[in-house]
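Residues per chain, in single letters:
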Amino acid sequence: MILYSAPSSYYSMISRLALNTAQVSFENHYMDIHVRKDQLAPWYIALNPHMTVPTLVDGKIILIDSQDILHLAASLAGNQWLDVDVNLASPIESIVKAHYAIPIERLTFCKAMMHLPILKYIFPHALGSIMKGLEARLASAKDSAALQAKIDLNQSRITYFTQGASLQAKMAVERKRVSAYLNQLPTPNHFLFGDKPSSADIVTAVLLGRLKMIGEYALVTNNARGAVLDQWFSRMQQETAFQQSDIWLRFQWWRILLKR
Ligand SMILES: N[C@@H](CCC(=O)N[C@@H](CS)C(=O)NCC(=O)O)C(=O)O
């Protein structure tokens, strides 16, 4: 199995943590999605027309969404994870679904722009130049629909970043969403649903890692059950799988620049 992932990418972290927790062996191929923009290379578009990371290739099987990779990890983990428990499958699935409804990109980028206001100009400019590059390829592209979809997505990102409510108001919406998610988590035992991990532990650990990285961990500590959630997250960080998965708890800009 080859996992194409990016060090700083949230959804890549989910797939690395899922596969490592399920003890699936895989080769991790790191992509540079920021500077070189490997995700836009024709060889990669042939694998993943959404031009996103992660992508998992296992022979003829190609998974192009972290949620599918998470499901695969859960099925390979079998009874090592609680997902197979008939009584827990549905509550676990509903946590995973609620997690995927959180727009992580908005949370991360809004916070980054609040922290460093010059990014308000840099982000739309960078997205605009990606769009121009994609537009130039449209005429000769084999799969112009995929390129057009990516252009449209980048346009909607620019619109979100540059129009509408203030960054503070946008951030307030995202904070509320994260708090609502935290409120519906079960009170952890060792793991969230008992003495074994589940898909819910994977996505929640990566989410809390992101909150730490962007300086929003107070959403956890100020939560009514902040202390137990924080203890659960400390336990997760001690797991070998967590340590193997390159989950960023602080922003490592030099790794982005050095493409590592
Ligand atoms: N639904 C996808 C989302 C993947 C995604 O948005 N990945 C981001 C990085 S976290 C990406 O590849 N961004 C690069 C781009 O959009 O050009 C998944 O869960 O795998």
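As a reminder, the structure under discussion sits directly above these lines.
Residues numbered from 1 in each chain as written. Predicted model: local features only at pLDDT ≥ 70, side-chain atom pairs only at ≥ 80, totals over all residues.

Before going further, it helps to spend a moment on the site of the ligand. The immediate surroundings of the ligand are formed by Ser9, Tyr10, Tyr11, Ile33, Gln39, Met51, Thr52, Val53, Pro54, Asp65, Ser66 and Gln67. For the shell around the ligand, the elements supplying multiple residues, two or more each, are helix H1 (10-21) and helix H3 (66-77). (Near = placed C-beta within 6 Å. Helix = DSSP H or I, 4+ residues; strand = E, 2+ residues; numbered from the N terminus.)

Read across the open sheet, the four strands follow the order S2-S1-S3-S4; overall the sheet is mixed. Pairing within the sheet leaves two strands with one partner each, and these edge strands are strand S2 (27-30) and strand S4 (61-63). The mean inter-strand angle of the sheet, taken between neighbouring strand axes irrespective of direction, is 20°. Two elements, strand S1 (residues 2-5) and S2, share four bridges in a ladder whose sense is parallel. In the strand pairing of S2, Ile2 is matched with Glu27. Here H1 sits on the sheet in contact with S1, S2 and strand S3 (55-58), set at roughly 150° to S1. (Pairing = 2+ DSSP bridges. Axes fitted to C-alpha atoms, helices over the stretch in contact; angles between N-to-C directions. Contact = placed C-beta atoms within 7 Å.)

Glancing now at unusual backbone geometry. The linkage connecting Val53 with the following residue, Pro54, adopts the cis geometry, with an omega of 5°. Turning to its location among the elements, Pro54 is positioned in the loop between helix H2 (42-47) and S3. Positioned with a positive phi, Gln23 is a non-glycine residue whose angle comes to about 55°. Take Gln23: there are 12 C-beta atoms within 10 Å of it, and that puts it in the exposed class. If you check the backbone angles, Met51 has positive phi at about 60° while not being a glycine. Here Met51 shows up in the loop between H2 and S3. Overall, the presence of 23 C-beta atoms within 10 Å leaves Met51 in the buried class. (Buried ≥ 20, exposed ≤ 12 C-beta atoms within 10 Å, placed from the backbone.)

Functional significance is not addressed by these values, which are geometric in nature.
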